[in-house]
Amino acid sequence: MFEIVGKRELAPNIKWIKVKAPLVARNAKPGQFVVIRLHEKGERIPLTLFRWDKDEGTIELVFQEVGKTTYELGTYEVGDAIADVVGPLGRPTHIENFGTAVVVSGGVGAPIGYSVTKALKEAGNYVISIIGFRNKQLVILEDEFREVSDELLVTTDDGSYVRKGFTTDVLSELLESGRNVDYVFTVGPVIMMKKVADITRKYGIKTYASLNPIMVDGTGMCGACRVTVGGQVVFACVAGPDFDAHQVDFDELLKRLAMYREEERLAMERFLQMRQVSVVGR
Ligand SMILES: Cc1cc2nc3c(=O)[nH]c(=O)nc-3n(C[C@H](O)[C@H](O)[C@H](O)COP(=O)(O)OP(=O)(O)OC[C@H]3O[C@@H](n4cnc5c(N)ncnc54)[C@H](O)[C@@H]3O)c2cc1C
Ligand code: FES
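The structure presented is a predicted model; accordingly, all values stated were derived computationally and were not measured.

Remarks on the packing of helix H6 (residues 190-203) against helix H8 (residues 250-257)
Axis separation between H6 and H8 bottoms out at 10 Å; the angle between their running directions is 180°. The angle between H6 and H8 falls in the class roughly antiparallel. Contacts between H6 and H8 involve Val-190, Ile-191, Met-193, Lys-194 and Ala-197 from the former and Phe-250, Asp-251, Leu-253, Leu-254 and Leu-257 from the latter. The class makeup of the residues in the contact of H6 with H8 is eight nonpolar, no polar and two charged.

Here's what the structure looks like:
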């Protein structure tokens, strides 16, 4: 059992938790994730390592309540325990001194973007972070990004905070203005990552995306997480989750993510009936 030792709500339906998991903390690297199972009847879901502390033996996760398991995790409090935490999983993000690096993170991709930004900065890169959210209420980790970025650009889709528009608008402007960029990393909604890849392809800038397909075991045993990259089928949990964004079939990834929509809706309905709570907006 893995005890929750800290919990905070960062934004509506977005929660941060700190979990005691010494072995994971000891081996964690930026870009890696864990697969968790809340209890013996629970499903396994992947969540990315936001931060970790080897000495304290803790890991930090940030998750958005989007369905049954993440809503249920949101009801766990400090002192409660998660049955299984498996990890660290996946290949760590490749970090080197590229020169000028831009990290484009959208929504709940921000925790992953943060750990990569921090590592790129520590490797000597000049790092420009672009973080985007739907609205002001959903802005998370702004201070954390500022600490590890040379420049930070924040966008909201509706313009309720800082710059109105999408992260991709800012990226386009940056490149159109002639800024020299050597490397781009992107994580967030699939549509956003696809757009980032389309933009940087024109400039020939090396671009990596952290993919989020459905996962089950997370150790390469089943292929649920398969994605097509450069015409080859690969398992994201072991070969990724980071891939050359110019080679990824993003349309296929989108289709596969929507495969269980009806089952997910029913699971959420049953969960809410059992809890007898009502959730607006789902
Ligand atoms: C490598 C990786 C890292 C991730 N890191 C984070 C993170 O740090 N924070 C965060 O909020 N989310 C993260 N996700 C997404 C997270 O796993 C899903 O939001 C979660 O599984 C949803 O489960 P649910 O039961 O709450 O919702 P459901 O209603 O079951 O699903 C909602 C949507 O989530 C996706 N999803 C469902 N089951 C899975 C699954 N087993 N694996 C992957 N996606 C699934 C599907 O697109 C689905 O339509 C990550 C996904 C991957 C693959
Ligand atoms: S989740 Fe089963 S192989 Fe990747």
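Brief notes about the sheet that holds strand S3 (residues 33-37)
An order of S4-S3-S8 is seen for the three strands of this open sheet, with the pairing classed as antiparallel. Across the chains shown, the open sheet's two edge strands, defined by having one partner strand only, are strand S4 (44-48) and strand S8 (84-89). Looking at each pair of strands side by side, their axes are set apart by 25° on average, direction ignored. The pairing of S3 with S8 spans four bridges and is classified as antiparallel. The residue of S8 that forms the bridge with Arg-37 is Asp-84.

Considerations on the pattern of salt bridges
Scanning all chains against the criterion turns up 13 salt bridges. The partner of Lys-118 in a salt bridge is Glu-122, and the shortest N-O contact between them spans 3.3 Å. In this pair, Lys-118 and Glu-122 both sit in helix H3 (residues 110-122), four residues apart, roughly one turn of the helix. Accessibility expressed as a relative area gives 60% for Glu-122, which makes it exposed. Of the charged contacts in the structure, one is a salt bridge between Lys-194 and Asp-251, with a shortest N-O distance of 3.0 Å. With Lys-194 in helix H6 and Asp-251 in helix H8, this pair connects stretches of sequence that are 57 residues apart.

Analysis parameters
- Residues numbered from 1 in each chain as written.
- Chains lettered and ligands numbered in written order.
- Predicted model: local features only at pLDDT ≥ 70, side-chain atom pairs only at ≥ 80, totals over all residues.
- Heavy atoms only, no water.
- Axes fitted to C-alpha atoms, helices over the stretch in contact; angles between N-to-C directions.
- Helix = DSSP H or I, 4+ residues; strand = E, 2+ residues; numbered from the N terminus.
- Parallel < 35°, antiparallel > 145°, perpendicular 65-115°, else oblique.
- Contact = heavy atoms within 4.5 Å.
- Nonpolar A, V, L, I, M, F, W, Y, C, P; charged D, E, K, R; others polar.
- Pairing = 2+ DSSP bridges.
- Salt bridge = Lys/Arg side-chain N within 4 Å of Asp/Glu carboxyl O.
- Buried < 20%, exposed > 50% of the residue type's maximum accessible area, 1.4 Å probe, protein only.

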